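Remarks on the overall topology
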Amino acid sequence: DAKTTQPPSMDCAEGRAANLPCNHSTISGNEYVYWYRQIHSQGPQYIIHGLKNNETNEMASLIITEDRKSSTLILPHATLRDTAVYYCIVGSSGSARQLTFGSGTQLTVLP
Amino acid sequence: DAGVTQSPTHLIKTRGQQVTLRCSPKSGHDTVSWYQQALGQGPQFIFQYYEEEERQRGNFPDRFSGHQFPNYSSELNVNALLLGDSALYLCASSLVLVFGSTNEQFFGPGTRLTVL
């Protein structure tokens, strides 16, 4: 699976959009981009995934660049409960049987 | 609809002992994966079970073994515990959609293992 690079930490003001970047320059054609988050002392939580098109669900939006070498997770109106470590993961064949977690981005939403 | 459940919540063992952790998958899921998360790090994949067989394995020694039961629940066993085995052990469940492909994984709250 392709390796991902994320900034170690980011801050965001409550109510503003949080934009979390991820680089995955070695991604291959059949690999999806997955985002999970882990709130302190809890198990990771699935957020969203995509292949090449932008995706949106009730939690977030995922923007994937045309060359698929990077992506951005957008939380449109961040709340204090969104404070967590966010992991960008690349997995093959439309699935992620073996999730390879990196260090992730610690997002802190400030009041 | 119950999510993924794990037991026990916390566990303290001493070096050399053996431990068994348990996981019940989300209703309707048939695949269970186990992860180890050391303090301050991301989870590391241990292995995955489907149809009561180990299907994939990460870079963990044979001291780590598992089992999946007919009701899809699973156990993780660790023998000859080392201090370095102290970690949060996470169970994740998913559903096989087609062979080799699953949907997203749903994680349990984890079991905190401390080895003294």
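Scroll up for the structure.
Our subject in this report is the structure included herewith. (Residues numbered from 1 in each chain as written. Chains lettered and ligands numbered in written order. Predicted model: local features only at pLDDT ≥ 70, side-chain atom pairs only at ≥ 80, totals over all residues. Heavy atoms only, no water.)

**Remarks on the overall build of chain B**
Helices and strands together make up the secondary structure of chain B, namely 0 helices and 13 strands. Taken over the C-alpha trace, chain B has a radius of gyration of 13 Å; the compact-globule value for 116 residues is 13 Å, and the two agree within 12%. Expressed along its principal axes, the backbone C-alpha trace of chain B runs to roughly 40 × 30 × 25 Å. When the 116 residues of chain B are sorted by exposure, 51% land in the buried category. (Helix = DSSP H or I, 4+ residues; strand = E, 2+ residues; numbered from the N terminus. Rg over C-alpha atoms; globule rule 2.2 N^0.38 Å. Buried < 20%, exposed > 50% of the residue type's maximum accessible area, 1.4 Å probe, protein only.)

**Comments concerning the state of the cysteines**
Residue and element names in this part refer to chain A. Overall, the coordinates contain 2 disulfides over all chains when judged by the stated rule. Each sulfur of the disulfide joining C22 and C88 lies 2.1 Å from the other. Judged by the sign of its S-S torsion, about -80°, the cystine formed by C22 and C88 is left-handed. Within this pair, whereas C22 is found in strand β2 (residues 18-23), its partner C88 is found in strand β8 (residues 84-92), the two being separated by 66 residues in sequence. One exposure class covers both C22 and C88, and it is buried. Not engaged in a disulfide, the cysteine C12 finds its nearest cysteine sulfur in C22; these two sulfurs lie 18 Å apart. We classify C12 as buried; its relative accessible area is 7%. (Disulfide = S-S within 2.5 Å.)

**Things to note about the sheet that holds strand β3 (residues 31-38) of chain A**
All names here are of chain A. Spatial strand order, β1-β9-β8-β3-β4: 5 strands in an open sheet with mixed pairing. Both edges of this open sheet fall to β1 (9-13) and β4 (45-50), since each of them pairs with a single strand only. Strand-to-strand twist in this sheet, taken as the mean axis angle between neighbours without regard to direction, amounts to 25°. Strand direction decides the pairing type here: β3 and β4, joined by 5 bridges, are antiparallel. (Pairing = 2+ DSSP bridges. Axes fitted to C-alpha atoms, helices over the stretch in contact; angles between N-to-C directions.)

**As for the sheet that holds strand β3 (residues 19-24) of chain B**
Residues and elements named next belong to chain B. Spatial ordering of the open sheet is given by β1-β3-β8-β7, a layout of 4 strands whose pairing is antiparallel. Every other strand in the sheet has two partners, leaving β1 (5-7) and β7 (64-68) as the edge strands with one partner each. Each strand of the sheet is rotated relative to its neighbour by a mean of 20°, with strand direction disregarded. Of the pairings in the sheet, the one linking β1 to β3 comprises 3 bridges and is antiparallel in character. By the bridge assignment for β3, Q6 is matched with C23.

Bear in mind that shape data such as this cannot, by itself, settle questions of function.
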